[in-house]
Amino acid sequence: MSLAYKLAFRNLFHDRLRLIATVIGIVFSIVLVTIQLGLYVSFQRMVTVMIDHTKADLWIVPRGSKFFEDSALLDEHERFRALSVDGVAEAVPVVIGFASWRAPSGGTAPVFIIGSDTRDEGLRPWNLIAGSLESLAVPGAVAIDRSYFDRLEASRIGERAEISDQRVEVVAITSGIRSFTTTPYVFTSLDRARSFTGTAANKGSYFLVRVLQGANVTDVRDRMRARLTNAEVLTPDEFRRRSTNFWLFGTGAGAALFTGAVLAMIVGTAIVAQTLYSSTKDHLHEFATLRAIGSSGAYIHKVIIIQALLSAAIGFCIAAGFGWLVVKITADTALPVVMTLPMTAILLLLTVVMCVLSAALAIVKVMRIDPVIVFTR
Amino acid sequence: MTAPVIEAIDAVMFLGRGASRFEALKSVSVAIAGGELTLLMGPSGSGKTTLLSMLGCMLTPSSGTVRVRDHSTAGAKPEELAKLRRDHIGFVFQSYHLFPTLTAIDNVRLALDVRSENSEQAKQKASDALAMVGLAHKAKSYPRELSSGQQQRVAIARAVIGNPSTILADEPTAALDAENGRIVMSMLARIAQDPTRGVLVVTHDPRIVPFADRVVYIEDGRIVGEERGVADFKHEAMQSQGS
Ligand SMILES: Nc1ncnc2c1ncn2[C@@H]1O[C@H](COP(=O)(O)OP(=O)(O)OP(=O)(O)O)[C@@H](O)[C@H]1O
Ligand SMILES: [Mg+2]
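Every chain is numbered independently, its residues counted from 1 as its sequence is written. As they are written, the chains are lettered A onward and the ligands numbered 1 onward, keeping that order. Under the rules for a predicted model, residues below a pLDDT of 70 receive no local features and side-chain atom pairs below 80 are neither given nor counted, while totals for whole chains, interfaces and linings still include all residues. Excluded from the side-chain calculations are hydrogens and water; all other atoms, namely the structure's heavy atoms, are used.

**Student:** Explanation requested: the overall build of chain B in the structure shown.
**Tutor:** Numbering goes from the N terminus for both helices and strands, where a helix is a DSSP run of H or I of at least four residues and a strand is a run of E of at least two. Helix and strand counts for chain B stand at seven helices and 10 strands. The globule rule puts the C-alpha radius of gyration for 243 residues at 18 Å, and the 18 Å found for chain B is close to it. Each of the three principal axes of chain B carries a C-alpha extent, and together these read 45 × 40 × 40 Å. Out of the 243 residues belonging to chain B, those deemed buried represent 55%. Residue contacts are defined here by distance: any two heavy atoms, one from each residue, within 4.5 Å place the two residues in contact. Within chain B, contacts between residues at least 6 apart in sequence are counted, and of these 70% link residues at least 24 apart. Computation of the radius of gyration draws on C-alpha atoms alone. For the globule rule, the value is 2.2 Å times the number of residues to the power 0.38. Accessible area is worked out with a 1.4 Å probe on protein chains only. A residue is then buried under 20% of its type maximum, exposed over 50%, and partly exposed in between.

**Student:** In this structure, what is going on with a nonpolar patch on the surface? I would like to understand it.
**Tutor:** Residues and elements named next belong to chain A. Patch definition: residues with relative accessible area over 30% and no salt bridge; like charges joined within 9 Å; nonpolar side chains (Val, Leu, Ile, Met, Phe, Trp, Tyr) joined within 5 Å. Accessible areas in this description were obtained via Shrake-Rupley with a 1.4 Å probe; residue shielding takes into account the shown protein chains only. Here, a salt bridge means any Lys or Arg side-chain nitrogen found within 4 Å of an Asp or Glu carboxyl oxygen. On the surface, a cluster of nonpolar side chains totalling about 500 Å² of accessible area is made up of L17, I20, I24, F28 and V267. With four residues, helix α2 (residues 16-47) is the single largest residue contributor to the nonpolar patch. Its place among the elements puts I20 in helix α2. By relative accessible area, which is 47% here, I20 ends up partly exposed.

**Student:** Is there a simple way to explain helix α6 (residues 178-191) of chain B in this structure?
**Tutor:** In an α-helix, one full turn covers 3.6 residues, which means residues spaced three or four apart are oriented alike. An expected span of 1.5 Å times one less than the residue number is assigned to each helix. In this model, α6 of chain B (14 residues) spans 20 Å end to end at C-alpha, consistent with the 20 Å of a helix rising 1.5 Å per residue. Those residues of α6 of chain B that are buried are in contact with β3 (37-41), α4 (120-132), α5 (148-161), β7 (166-170) and β8 (198-203) of chain B.

**Student:** I'm lost on the packing of α5 of chain B against α6 of chain B in this one. Help?
**Tutor:** Helix packing for two helices is described by the angle between their axes and how far apart those axes are. All names here are of chain B. Each axis is a line fitted through C-alpha atoms, taken for helices only over the stretch in contact, and angles between the N-to-C directions span 0 to 180 degrees. At a minimum axis distance of 9 Å, the contact between α5 and α6 shows a crossing angle of 15°. Accordingly, the angle class assigned to the pair α5 and α6 is roughly parallel. Taken as a pair, α5 and α6 cross one another with a handedness that is right-handed. Of the residues in α6, those touching α5 at G149, Q152, R153, I156 and V160 are N180, I183, V184, M187, L188 and I191. Roughly parallel here means an angle under 35 degrees, roughly antiparallel means over 145, roughly perpendicular means 65 to 115, and every remaining angle is called oblique. What makes a crossing left-handed is the near helix being turned counterclockwise from the far one by less than a right angle; a clockwise turn instead makes it right-handed.

**Student:** What should I look at first to understand helix α7 (residues 217-227) of chain A in this one?
**Tutor:** Residue and element names in this part refer to chain A. Of the positions making up α7, those classed as buried are V220, R221 and M224. For α7, the arc enclosing every buried residue in end-on projection is 100°, short of the 170-degree limit, so these residues lie on one face. Looking at the buried positions of α7, the neighbouring elements they touch are β1 (58-62), α4 (76-83), β3 (88-102), β11 (206-211), β12 (231-234) and α8 (236-250). In this description, the arc belongs to the directions extending from the helix axis to the C-beta atoms.

**Student:** How should I be thinking about the nonpolar core in this particular structure?
**Tutor:** In summary, soluble globular proteins display a tendency toward joint burial of nonpolar side chains. Core analysis: the largest hydrophobic core is formed by 77 residues, its most contacted members being L290 and I304 of chain A together with L51 of chain B. Ignoring any residue separated from it by four or fewer positions in sequence, one finds L290 of chain A in contact with L7, S295, Y299 and I300 of chain A together with F99, L110 and V114 of chain B. We define a nonpolar core as any set of buried Ala, Val, Leu, Ile, Met, Phe, Trp, Tyr and Cys residues linked to one another through side-chain atoms lying within 4.5 Å. Formed by 43 residues, the second largest nonpolar core is a distinct cluster that contains V133, L135, I156 and L176 of chain B.

**Student:** What exactly am I supposed to notice about the sheet that holds β3 of chain B here?
**Tutor:** Strand pairing within a sheet occurs via backbone hydrogen bonds; the two strands may be parallel or antiparallel. Residues and elements named next belong to chain B. In this description, strands pair whenever DSSP reports at least two bridges between them. In space, the six strands of this open sheet follow the order β6-β7-β8-β3-β9-β10, with mixed pairing throughout. Only two strands of the sheet have a single neighbouring strand rather than two, namely β6 (89-92) and β10 (222-228). Averaged over neighbouring strand pairs, the angle between their axes works out to 20° when direction is ignored. Relative to β10, strand β9 (residues 214-219) is paired through six bridges, and the arrangement is antiparallel. Bridged to R214 within β10 is R228. Running at roughly 170° to β6, α5 makes contact with β6 and β7 of the sheet.

**Student:** When you look at the domain arrangement of chain A in this model, what are you seeing that I'm missing?
**Tutor:** It is common to give the size of an interface as the accessible area that goes away when the parts come together. Residues and elements named next belong to chain A. How far each domain reaches was decided by an automatic or database domain assignment. You can read the domains of chain A as domain 1 (3-46 + 252-376) and domain 2 (58-234). Inter-centroid distance (C-alpha atoms) of domain 1 to domain 2 is 48 Å. Taken together, the contact pairs seven residues of domain 1 with four residues of domain 2. Summed over both partners, buried area is the accessible surface (1.4 Å probe) that two parts give up on being assembled. Across the domain 1/domain 2 interface, buried area totals approximately 440 Å², and carbon plus sulfur atoms make up 61% of it. When the buried area of domain 1 at its contact with domain 2 is split by residue, F43, M46 and A334 rank highest and sum to 75% of it. Definition of a polar contact: a pair of N or O atoms within 3.5 Å, with one able to donate and the other able to accept a hydrogen when the atoms are protein atoms, and with sequence-neighbouring residues admitted only if both atoms are side-chain atoms. Between the two partners, domain 1 and domain 2, sit zero residue pairs in polar contact (both at pLDDT 80 or more). For this scheme, ten residues count as nonpolar: Ala, Val, Leu, Ile, Met, Phe, Trp, Tyr, Cys and Pro. Four count as charged, namely Asp, Glu, Lys and Arg, and the remainder, Gly too, count as polar. In the side of domain 1 that touches domain 2, the residues fall into five nonpolar, one polar and one charged.

**Student:** Before we go on, may I ask you to explain unusual backbone geometry in this structure?
**Tutor:** A negative phi angle is the norm for most residues apart from glycine, just as the trans form is the norm for most peptide bonds. In this structure, S164 of chain A is a non-glycine residue whose phi angle is positive, near 45°. Mapped onto the elements of the fold, S164 of chain A is located in the loop between β7 (160-163) and β8 (166-174). Even without a glycine there, the phi angle at E171 of chain B is positive, about 50°. Along the chain, the position of E171 of chain B falls in the loop between β7 and α6.

**Student:** For this particular structure, what's the right way to read the packing of aromatic side chains?
**Tutor:** For any pair of aromatic rings, the description rests on two quantities: the centre-to-centre distance and the angle between the ring planes. Only Phe, Tyr and Trp rings are paired, with Trp represented by its six-membered ring, and only when their centres lie within 6.5 Å; those with planes under 30 degrees apart are stacked, over 60 edge-to-face, the remainder tilted. As enumerated under the stated definition, the model contains 15 aromatic pairs over all chains in all. With a centroid separation of 6.1 Å and 75° between ring planes, the pair formed by W126 of chain A and F187 of chain A is classed as edge-to-face. One end of the pair, W126 of chain A, is in the loop between β4 (108-116) and β5 (128-131); the other, F187 of chain A, is in strand β9 (residues 185-189), and 61 residues separate them in sequence. The exposure class of W126 of chain A is buried, given its relative accessible area of 14%. A connected cluster of aromatic rings, assembled from ring pairs, spans W59, F68, Y206 and F239 of chain A. Criterion for a charge above a ring: Arg CZ or Lys NZ at most 6 Å from the ring centre, at most 35 degrees from the ring normal. One residue, R21 of chain B, lies across the ring of F14 of chain B, its end atom 4.2 Å from the ring centre.

**Student:** Just checking my understanding: could you explain the environment of D219 of chain A for this structure?
**Tutor:** Residues and elements named next belong to chain A. Of note, D219 is situated in helix α7. Note on D219: relative accessible area 38%, which makes it partly exposed. A C-alpha to C-alpha distance of 9.6 Å links D219 and D86, two positions 133 residues apart in sequence.

**Student:** I tried to follow the state of the cysteines on my own but got confused; where do I start?
**Tutor:** By definition, a disulfide is the covalent link that joins the sulfur atoms of two cysteine residues. Residue and element names in this part refer to chain A. When the sulfur atoms of two cysteines come within 2.5 Å, that pair is taken as a disulfide. Per the counting criterion, the structure on display carries zero disulfides over all chains. Free cysteine C355: the closest other cysteine sulfur is in C317, separated by 12 Å. C355 gets classed as buried once you look at its relative accessible area, which sits at 0%.

**Student:** For this particular structure, what's the right way to read the site of ligand 1?
**Tutor:** Residues and elements named next belong to chain B. Any residue with at least one heavy atom within 4 Å of a molecule or strand is counted as near it. With respect to spatial proximity, 15 residues lie near ligand 1, and among them S44, G45, K48, T49 and T50 are the closest. G45 is positioned such that a nitrogen or oxygen atom in its backbone is 2.8 Å from an oxygen atom of ligand 1. Put simply, the parts of the chain that give the shell around ligand 1 at least two residues each are β2 (22-32) and α1 (48-55). Tallying contributions element by element places α1 first for the shell around ligand 1, with three residues. Residue composition of the shell around ligand 1, by class: four nonpolar, nine polar and two charged.

Now the structure itself:
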């Protein structure tokens, strides 16, 4: 094995304090980037969680609807028009809206009602940990998520409460269906949702369209667009993109997270560059000697880059540990930091890029030295 | 006589810029022959180190020619100069310049490593070179665990291991006591017995004159004299150094 590795390793471990400073720099910035990125992904997932879990080929949404919870009301005419379009198999209504939950103790909380036909698969609660979907058909039945037990003062099947002064009973409990608005979601049947939210029987928040087998979804969408005058027709992807754009970019939340991540990277790069540079400066006579005994520029680059990559490896391992901890700690909070395998790969790549960029400064410094200095000391 | 391993022809060297610009070498012509140990002597500031740097392809002459074997250094880029040094020159410095974080054997091996030789064979060569300077038993020692004389011997092993045609040494004995100075010089003299290899040693130290086949005198950036059969000139050398 080339001595370049040994030299890099020894240079790095020669000055423990500086190594610690370097590693802290890397860990600090990578953990920050992890959090920013994790929040970003988490936020993005939450914003589209309902769209992601809805089985529909196309969505009929009120004109100008920006995200799932933003719904105005659609008239049933639109549904009938949709059904008359070639290739449309069905168009089932979904009703959503805010309502007030009152616990037996008298405590109240705003909730977000999601109502759909209990016989339809379009938008039903998922991740059930207690109760059953079938029981949602029972009068007064609702499903709640366990992350809102405290807020709703209910934690078991069979517990009772009132929504909009109507008695309800918890028949199903889900896990992990959280809203980024922090208002608890409550699933129920279509009719009950209408009465909880005061929606007329001939109105709906969305119509979920399923196309006939073999029909081309985009063709059907285009035909529907031509027919429906007071509603928009979107594919799930289009709706998802619209929600993400609105929340992440329209509100500046995404920009804030992104800026945070970029700043963290810059600070990290600066710290690593600074420590690598000063390490190189300390070993300048050694690099000059290498140059004097005929080492190529490439060999010297190799030593410095190995030093940078070693720092990256150490820093990344520690940062990954911290990142894992952050993920664990925030897992059950309103906005959990999410970490996926591709994200981990991206972070590793970022760490490497950061360290190699930092090495550039040191390399420029070393390549400027005149090997003649070996004679003057 | 065999073709010189290195030669300078009418080489002029300006150092520094602007007000501190200084003509350190004024039309110097000198050739180093294989199989010889040449001493370069002269007062402080006379241009010895500058000449050594130029012959050693660290600096290119401002005008005139420096040739290493058949390669001229004129217009060479830093990377090309590094290659010339790698292929043809071994250096020994006054302050050794060993790598403090590497063992003696790794310090020697480094000279092969920068030539992309890093096989088991390279390790064997390095340990042979250490044995040649009598330090086989110190292979695993770090420079700080070695005496000055031992450190300079490691440096000599490093200089010769790449089998260069020229060894250039700048005051190799200046930091050593008489005994170690003698050991180091006799090693360099032995290396110079190989007819394909020339050794040039810059020195102030008249005690090492007896090791030389030839002494070249420099003053104020000019070669002012040259002697062979050193024993006779030993006395003169002492006087010109004023020590
Ligand atoms: N970078 C520089 N800029 C200007 N002048 C320089 C520079 N480097 C060296 N000199 C001058 O060039 C001359 C020759 O220097 P050099 O180092 O070759 O002398 P030397 O013979 O090796 O001296 P010593 O015996 O003290 O080592 C000196 O007068 C020195 O001041
Ligand atoms: Mg000098």
